[in-house]
Amino acid sequence: MNRSVLALIATVAVAAAVHTTQRHLQHRQLLELEMHKAHGRMLEVATTHPDLDPIWVRNHPDHVKEDESGPLLMRQWWLQFWRTGINLGVHTPAVLRQVAKGFMKDPTGLKAWALTRHGRGSQARNRHDRAYVALLNAAFEEAGGPSQYPECELEPISAL
């Protein structure tokens, strides 16, 4: 075979591989988006009807009162929104840093992060998740979270 035929074959093979990789990535992103939509719908129901799934009270009985479940679920929804945003490249670290500072000024936001930050950190699956956890941890520490919730620093906490 001459060189031009080999070059054409190589080009077609590379293009096919790139196309297959892109389709796989798009499919994975669509699945992830659908998962986040489903999670959002679940949180929406749980936020409007916290008595249906008192997950915060059940997971953290020593720290969460029944009337806090709805507000904590709303904070969880924001935390998930920002995590998804940084993973998809919608939120930049600078934007996340800014919103995290405001979030930690809210006592319920501070409590939500105190109860879940170690679990979220241990479940970080990529560099975006690790950046997300690091940015929120920095805002949490700057807001004095470890001193306000020292008991959460000593025990393993779930990632809700």
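Bear in mind the structure is a predicted one, so any value in this text is a computation, not a measurement.

Chemist: What is the right way to look at the nonpolar core in this model?
Modeler: Most often, soluble globular proteins keep nonpolar side chains buried together rather than apart. In this structure, Trp56, Leu79, Met104, Trp113, Tyr132 and Leu136 are the most contacted members of the largest nonpolar core, which totals 27 residues. If you list the elements that add at least two residues to this core, you get helix H1 (3–48), helix H2 (55–59), helix H3 (69–88), helix H4 (93–105), helix H5 (107–122) and helix H6 (127–142). Here this core takes six residues from H6, the largest share from any one element. If we skip the residues at most four places from it in the chain, Leu79 touches Phe103, Ala112, Trp113, Arg120, Tyr132 and Leu136.

Chemist: Hey, could you run me through the pattern of salt bridges in this one?
Modeler: Side-chain pairs of opposite charge can arise where the charged atoms are in close proximity. All told, the structure shown has six salt bridges when counted by the stated rule. The salt bridge involving Glu68 is made with Lys111; its shortest N-O contact spans 2.9 Å. Placement of the pair is Glu68 in the loop between H2 and H3 and Lys111 in helix H5, with a sequence separation of 43 residues. Lys111 sits in the buried class, given a relative accessible area of 10%. Through salt bridges that share partners, Arg83, Arg125 and Asp129 make up one connected network.

Chemist: I tried to follow the environment of Ala139 on my own but got confused; where do I start?
Modeler: Considering the arrangement of structural elements, one finds Ala139 in helix H6. Measuring from C-alpha to C-alpha, the distance between Ala139 and Arg127 comes to 18 Å, with 12 residues separating the pair along the chain. Here Ala139 is in contact with Ala100, Lys101 and Met104, once residues within four sequence places are set aside.

Chemist: Looking at this structure, I do not really get the packing of aromatic side chains. What am I missing?
Modeler: Aromatic rings in a pair are described by how distant their centres are and how their planes are angled relative to each other. Counted by the stated rule, this structure contains four aromatic pairs. Between Trp78 and Phe81, the aromatic rings sit 5.7 Å apart at their centres with planes inclined by 90 degrees, giving edge-to-face as the arrangement. One end of the pair is Trp78 and the other is Phe81, both in helix H3 and three residues apart, which spans about a single turn. Overall, the relative accessible area of 39% leaves Trp78 in the partly exposed class. Between Trp78 and Trp82, the ring centres sit 5.6 Å apart and the planes meet at 35 degrees, which makes this aromatic pair tilted. Of the two residues, Trp78 and Trp82 are both situated in helix H3; the distance of four residues between them amounts to about one turn of the helix. One aromatic cluster is present, built from ring pairs that chain together Trp78, Phe81, Trp82 and Phe103.

About the criteria used
- Residues numbered from 1 in each chain as written.
- Predicted model: local features only at pLDDT ≥ 70, side-chain atom pairs only at ≥ 80, totals over all residues.
- Heavy atoms only, no water.
- Core = buried A, V, L, I, M, F, W, Y, C linked by side-chain atoms within 4.5 Å.
- Buried < 20%, exposed > 50% of the residue type's maximum accessible area, 1.4 Å probe, protein only.
- Helix = DSSP H or I, 4+ residues; strand = E, 2+ residues; numbered from the N terminus.
- Contact = heavy atoms within 4.5 Å.
- Salt bridge = Lys/Arg side-chain N within 4 Å of Asp/Glu carboxyl O.
- Phe/Tyr/Trp six-rings, centres within 6.5 Å; stacked < 30°, edge-to-face > 60°.

No statement about biological role is implied by the geometric values presented.
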